[in-house]
Each structure stands twice: as structure tokens, then as C-alpha cells.
Amino acid sequence: MSAVTEDKAKTANSPKREYTMERTRNIGIAAHIDAGKTTTTERILFYTGLIHKIGDVDDGNTVTDWMEQERERGITITSAAVTCFWTQKQNKPGEDKVYKAFNNISQRINIIDTPGHVDFTAEVERSMRVLDGAVAVFCGVAGVQPQSETVWRQATKYKVPRIAFVNKMDRTGANFDNALNDMRTKLRAYAFPIFLPIGAEDQFAGVIDIVNQKAVIWGPGDVQNEGLNYEVKDIPAEHQERAKTALADLIDAVSNKDDAIAELVLEEKPITPEVLKAAIRRLTCKIELVPVLCGSAFKKKGVQTLLDAVVDYLPGPLDVPPAEGLEPGTENKVLVETSDNAKFCSLAFKLWTDTYAGKLVFFRVYSGTLKKGDNIYNPRTRRRERVSRLMVIQGSERKDVEQAFAGDICALVGLRNITTGDTLCDETFDVTLEPPTFPEPVISMAVEPKTKQDRDKMSEGLQRLAEEDPTFRCFTNEETGQLIIAGMGELHLEIITDRLKREFKVEANTGAPQIAYRETITKEADGEGKFIRQSGGRGQYGHCYIKVQPNEKGKGVEVENEIVGGAIPKEYIPAVIDGIEEAIKSGVYAGYQVIDIKAQVVDGTFHEVDSNELAFKMAGIFALKDAFRKAGPILLEPIMKVEVTTPDEYQGDLLGDINRRRGIINGIEAKLGQTILNASVPLAEMFGYATAIRSLSKGRASYSMEPLTFEQVPNSVLSTILEQASKKPAART
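In this text, all values refer to a predicted model and were calculated from it rather than measured experimentally. (Residues numbered from 1 in each chain as written. Predicted model: local features only at pLDDT ≥ 70, side-chain atom pairs only at ≥ 80, totals over all residues. Heavy atoms only, no water.)

1. What about the overall build of the chain?
Inference 1: Along the chain, the regular secondary structure elements total 17 helices and 38 strands.
Inference 2: Whereas a compact globule of 733 residues would reach a radius of gyration of roughly 27 Å, the chain reaches 29 Å, a difference of no more than 12%.
Inference 3: Seen along its three principal axes, the alpha-carbon backbone of the chain occupies a region of about 100 × 65 × 60 Å.
Inference 4: Every one of the 733 residues in the chain was classed for burial, and the buried ones make up 55%.
Inference 5: Expressed as a percentage of contacts within the chain between residues at least 6 apart in sequence, the contacts between residues at least 24 apart total 73%.
Inference 6: Total accessible area on the chain stands at roughly 32,100 Å², and carbon and sulfur atoms take up 49% of it.
Inference 7: Side chains of the chain carry 92 positive and 106 negative charges; the gap between the two charge centres is 2 Å. (Helix = DSSP H or I, 4+ residues; strand = E, 2+ residues; numbered from the N terminus. Rg over C-alpha atoms; globule rule 2.2 N^0.38 Å. Buried < 20%, exposed > 50% of the residue type's maximum accessible area, 1.4 Å probe, protein only. Contact = heavy atoms within 4.5 Å. Areas by Shrake-Rupley, 256 points an atom, 1.4 Å probe, with all protein chains shown as cover. Lys, Arg positive; Asp, Glu negative; His and termini not counted. Charge placed at Lys NZ, Arg CZ, Asp CG, Glu CD.)

Written out as C-alpha cells, the structure reads:
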């Protein structure tokens, strides 16, 4: 650690904390489905002594996959936070010849195991928002897969430094160089190995430590203890050339970005492991370099070296720039200094309903400390609440703590009126931190309770689930009266209905999934809305003119008041805007939400006696519908980015099937006897694709998809959608 950081650490750390900030790591484990995130986490927990018996995803007994649905399906659904402790040691044979930056200094590591499935992308998004560093896990056989790219983008968006772990080196077809090449080409990562594999597939015997120029060799060992015992030896003769070249490449890569190493290279002075490790750490923390490791989490090999690398290279809370917030209601930036002695400020990044503890709020502390009995303030609601219980979560276990310090990830119990992304801070430190952003739902379906008793329980259950999951929405369709749930995919909605049944004991019937189409316009138009009722006594009178025009793609809806000279009295203008917004939500063309439109209220007339807010709201609805119909309305449908991996012999059949589904092939890539098809396919055509792809490839092909964009619905399909819309109850005008 540099002298500057040491001084900073002395002033920033409270004397009461057990693990100082430079000895704390907040890391996430993120990757594509089945790359081995949960298995890697499980092995880390085993080696750090948190568990004494290793669980397995296939057996459904891992610590971080603790929900029943996760255990049954063998997938991660919700990100789980775990705290463990690791000390770098030199107690294995030959390890004393290896330089370790934090030798014999115990470290606290907070790990978040995130899901890989695109339907649960919100979990990765909110975890990345509060992490200091991440371990990106890649499959040694498949390399960089579609969801690997997504999580990589999310980490880049939130400026999270990362190291890469190429897993499954023991699997048939594992190729470290291919995976490394993928990272450089597909992810544009400045990635360089700090460990190289010795052998691959069933010959995977150990790794070469490039920085220390030593080999870490695992003994043959039985299956139970495989990977536990290893020794550090000199690099075998046949690998020495490769190790020297890799070290030269690594020094060259580091010297390109780090002045201290560049100076040593120019002066032709020796570069010691100590100096090189410090430089790699500096560059990793600045997100200018990605160190790459390899191993096999399932066989427990390479996990110890990964833990050492997490401590050596990933930043602690003091190594990353301080969080930036805004003063509520202004654009003034506020710096949140990372220190225990500063005022308290934290971000609530996840809500979870626990069967025993009730409502848990996971939060990351950015500055200050929080004790039981303290008051915390929420700038969004302008309310104070008292802290009754503080916890550290270890998978499904809960451990009460007295105090939370800067850089900690903890959970609070019993807070009311809180949502994901809220800032929780000291009342005298009024600041809002940037919340994580979440994608819009792309698929919806109707759900109805089976009995009257289920009805009340269901609304409570759905409300709780919507609080926990920002990508899940539930609302009532005003025209059909049906309760609609919307989410990120078929699996997402399936899990939601399953949780309703198990956690809230609600039996419900679900309809077929519906596509979240959107409506928009292609040209400018004017519209007039009149609402006049006269039926004895006081009447109703509202009248307005509006202008609509297409907005930039992705800009959303903008409604502006352009009234001059009091054509409509000030007090009625919000009612007109309300009417316009209501019509936008319920759609005009086919009953779907309108997007990317700009509406301006330009003129109108009023009646001294008969005008009221309701009349002007109705006038706003009619005006928007009138203008929308003249503005070249079009219907948009969600398009998915689909990647299909198939053995070569089924390529033709699968290509034909994608074409039948109105798909556009964007690229075909050959890799290790497999063909990878990249396509854009409308979501409407992707229902039942899992079954189709299995039958066409005899179960040997796999696919993944994620939302890409919205595109215009072709005329051939449009008539069917409009026909279905017209059969719905006639609430349209």
C-alpha cells in the first residue's frame, strides 16, 4: 500500500472495527448461466472455513442457492450475500518461495453470488451498483457467452474493477487460450493471464504462477480431497519457455499503462514480484487491466489462488473513488467520503421478505457508521426511522451485529415505505445516491385467484414481490378488469407464480403469456378534444387543442404546456396533462402503451360555470386519441437477441426454424465443432422455442436470449393483433 493510502486508511478507519477497510473486499461473482458461479462461491466458502461440507448445485444443497426454486432447477434466481474470511498463508510445501502481498493478514470478504439467467438481470444490476470489485467467471469450453457480455457491460457501466477466472479447465474441450482470445475480441478487455494452466481436460494438473515464476501442482488425491493438497515447485522444463514469454507479455502490458514499471523496463532494472503485483493492483483498481486466472471449481482446484488474487488485486472500499450523490431537488453534486468518521450514508440495493425475520433491506454503507438504536433518514420520503436490528447475512443464516461500518454490506429489519435504490443517511447529510437502473418488462400474463380467500392473500403477495423485484410489475387492465403480471421472461413469471403458491399459499390460474407491444407515431399531427355534457343544472365543459410529434428513440414520453394568454385557466392545465398521460398509458391504436412521443397543449376554450377538472381531463384524453390517429400510428414489438449453439449437423434445420420465426441472422461462427448462430427474433415468435430447439437437435443444441430493442410490427402480423384487440371489451372510443 502507498504512503498516501496508508495515511488515508489511518484517518478513515474507526478504532472499533475488527477488519479495517484495506482488509475488506466487496466482490460479486458474475457470469453466464452454467459457467460455475455458485460452485465457485461454494468452494470459496469451504476454503475460508465458513462451511465444512461442500454442497453441490446438482444436489441442491449449496449455501447461496437456498430458495426451494433454485435447488429444484439448479439455477441461481436471487443474488445471495455471504461474508467470509481469508488469510494468505505460506504453509504448503514450497509456498515460502512465493511472494504474497498480504501474507498472514486476515481479510474480510463480502461476496454476492449473482444469477446468470437473463430473466433475473435486475439482480446482477443492483449487485454491481454496490460492489467494489467482481470476479467474472468464464467457462473454459465455451469462452465468452452472451450473458457473459451482458454482465461485463453491467460491470463497465458501474465502473467495477474485475478479475477473470476461466473455470472448468478439467472439462473435455477446455481451451484457456480460446477463452482469453474471446475476452480480448468480444469484450474488448485488456486481459492478461497471471496464471496459466498446466495441461487441460483430464490432464489438468496445476497452474503456473506467472508473477512468481513457480508452478502450483495438485496431487492426484481422491475425489473428496482433490484440490485440497498442492505444492509449489519449479516450473517443469517443458513449460518454462511458455512461462517466460507470458511474464514478458505481462510486464510489457503493465508497462504500457503504468509509469513505475515503464521506468524500470527502460532502465533495464529487474522487476520483482512485489513491484509487479503492486502495479497490477493499481491498474486493476483503475479498470485498465483484467488479470486472468484459471482452475476448476468443481474439482476444487485453483480456488485458493483465486482467493489470493481477490485479496491481492481487487480494491477495498478505500481504493475506489468516493461515491457521488446529488443534493435532493438540485443538480449539485455531493461527494460521499469513504470514512467511518464521516456522516452516515448508504444505499438500499435489495429488499427481501424473510419467513422468520420479516422484511429485510440489504444496504451498502458508503460513509459513517450505523448502530442499533440510531435514527436513519430517507431523503425520498423525508422520513426518519429507528434501527432496531442489524444483521450480516451468510447465505440462509442470519447473524446479528451491533454496528455497521463504512464499506460493509449488511441488512436492516423492519423498515417501512422503502424501495430498491433508496438512499439511507444521516438527517444532517441530505444526499441521494444514484440508484441502479432496471430494464422494462417485456412479457406479461393474466393471473386470477382460484378462490375468494386467495384474492386478499394474492394482492399482498404480489405487492411484496413487486417491492423486492424492480423488473416485476402487476397492474389491473382497466378494460378487461384482469390482473396482469409483467416480467423479463417466461421463467421469471413462472418463478413468481411458484413463489406465490409456496410463500404466500395462493392458488392462482394464469393465462397464456402476452407480449408487451408498444405504440408510437411517425409524423406530426394536431388533435382536438371536446367534452360537453348538458343535462339540466350544471353541465360539463372542457375543450383543448394539442400537437403531437415523434420523440427520439428511447427518449420516452414528454408532455408540455404551451398555453399562452390564459386560453385554458392555469388550474385546469394539470387535468388536461393527466388526461393525455392516461390515454398514453392505455394506448389508442391497439390498447398498448404509447412510447417516444412529444405532446404539447397549445390552445383551448373554457366555460365560466361548466368547466371543471374532470371535463378537461376527458378533453385531454379525446385530444390525444384524435391527434394520435392522424399521426401515422405504428405498433412496435420487442425483438430479442438470440444466440443458438448447435453441433454443425443441425445448423441447417435451426437456421430454417429461425427464418420461419421472422428472425434475422446476424452472424454465424464456427467453434470447436459447434456452430454459433446470432439472430434477432421477435419475442412473439419465441414461445415454445425451448421445446422446438430440443426436438430439432435431438436435445444437443442450446440457446439464450435477451431483450434487444423494439421494432415496427410488419403489416402481415399487424392485422391479426388489431383484430384481437378489437375483440376485447369495447371500452375504446
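2. A few points about the sheet that holds strand 34 (residues 597-605)
Inference 1: Pairing is mixed in the open sheet, where four strands are placed in the order 31-32-34-33. Every other strand in the sheet has two partners, leaving strand 31 (525-533) and strand 33 (557-561) as the edge strands with one partner each. In this sheet, adjacent strand axes meet at a mean angle of 25 degrees when their direction is disregarded.
Inference 2: Pairing analysis gives nine bridges linking strand 31 to strand 32 (residues 540-550), with the strands arranged antiparallel. When the sheet's bridge partners are listed, A525 is paired in strand 32 with V548.
Inference 3: Of the strands in this sheet, strand 32, strand 33 and strand 34 touch helix 13 (residues 573-586), which is tilted by about 160 degrees from strand 33.
Inference 4: Against the sheet, helix 14 (residues 613-630) makes contact with strand 31, strand 32 and strand 34, and its axis sits at roughly 145 degrees relative to strand 31, the strand it touches most. (Pairing = 2+ DSSP bridges. Axes fitted to C-alpha atoms, helices over the stretch in contact; angles between N-to-C directions.)

3. Overview of the sheet that holds strand 7 (residues 195-198)
Inference 1: The four strands are arranged 7-8-9-10 in an open sheet whose pairing can be described as antiparallel. Each edge of the open sheet is held by one strand with a lone partner, namely strand 7 and strand 10 (230-233). Taken over all neighbouring pairs, the strand axes of this sheet differ in orientation by 25 degrees on average, direction set aside.
Inference 2: Judged from the four bridges that link them, strand 7 and strand 8 (residues 206-209) form a sheet pairing that is antiparallel. Within strand 8, the residue paired with F195 across the bridge is D209.
Inference 3: Packed onto the sheet, helix 7 (residues 237-255) meets strand 7 and strand 8 and runs at close to 165 degrees relative to strand 7.

4. Considerations on a negative patch on the surface
Inference 1: Side chains of E571, D578, E581 and E613 sit close together on the surface and give a patch of like negative charge.
Inference 2: Residue position: E581 is located in helix 13.
Inference 3: Owing to a relative accessible area of 35%, E581 belongs among the partly exposed residues under this scheme. (Patch = residues over 30% accessible without salt bridge, like charges linked within 9 Å, V, L, I, M, F, W, Y side chains within 5 Å. Salt bridge = Lys/Arg side-chain N within 4 Å of Asp/Glu carboxyl O.)

5. Section: unusual backbone geometry
Inference 1: A positive phi angle, near 60 degrees, is found at N104, a position not held by glycine.
Inference 2: Along the chain, N104 falls in the loop between strand 2 (80-87) and strand 3 (106-113).
Inference 3: Since its relative accessible area comes to 56%, N104 is described here as exposed.
Inference 4: Even without being a glycine, K168 presents a positive backbone phi close to 60 degrees.
Inference 5: Of note, K168 is situated in the loop between strand 5 (162-167) and helix 6 (176-186).
Inference 6: Judged by its relative accessible area of 18%, K168 falls in the buried class.

6. A word on the environment of L624
Inference 1: For L624, the location among the structural elements is in helix 14.
Inference 2: Sequence separation between L624 and V548 is 76 residues, and the spatial gap between their C-alpha atoms is 7.9 Å.
Inference 3: If we ignore the near neighbours within four places in the chain, the residues touching L624 are I546, V548, I580, A583, I584 and V588.

7. Remarks on the side chain of R108
Inference 1: With respect to the helices and strands, R108 occurs in strand 3.
Inference 2: An unpaired buried charge is present at R108: no salt bridge exists, and D408, the closest side chain of opposite charge, is 4.2 Å distant.

8. Things to note about the packing of helix 11 (residues 452-468) against helix 12 (residues 490-503)
Inference 1: Look at helix 11 against helix 12: their axes get within 10 Å of each other, and the N-to-C directions meet at 130 degrees. Here helix 11 lies oblique to helix 12, going by the angle between them. Where helix 11 crosses over helix 12, the handedness of that crossing is right-handed. Contacts between helix 11 and helix 12 involve M458, G461, L462, L465 and E468 from the first element and I496, R499 and L500 from the second. (Parallel < 35°, antiparallel > 145°, perpendicular 65-115°, else oblique. Left-handed = near helix turned anticlockwise from the far one by under 90°.)

Geometric descriptors of this kind do not, in isolation, establish any biological role.
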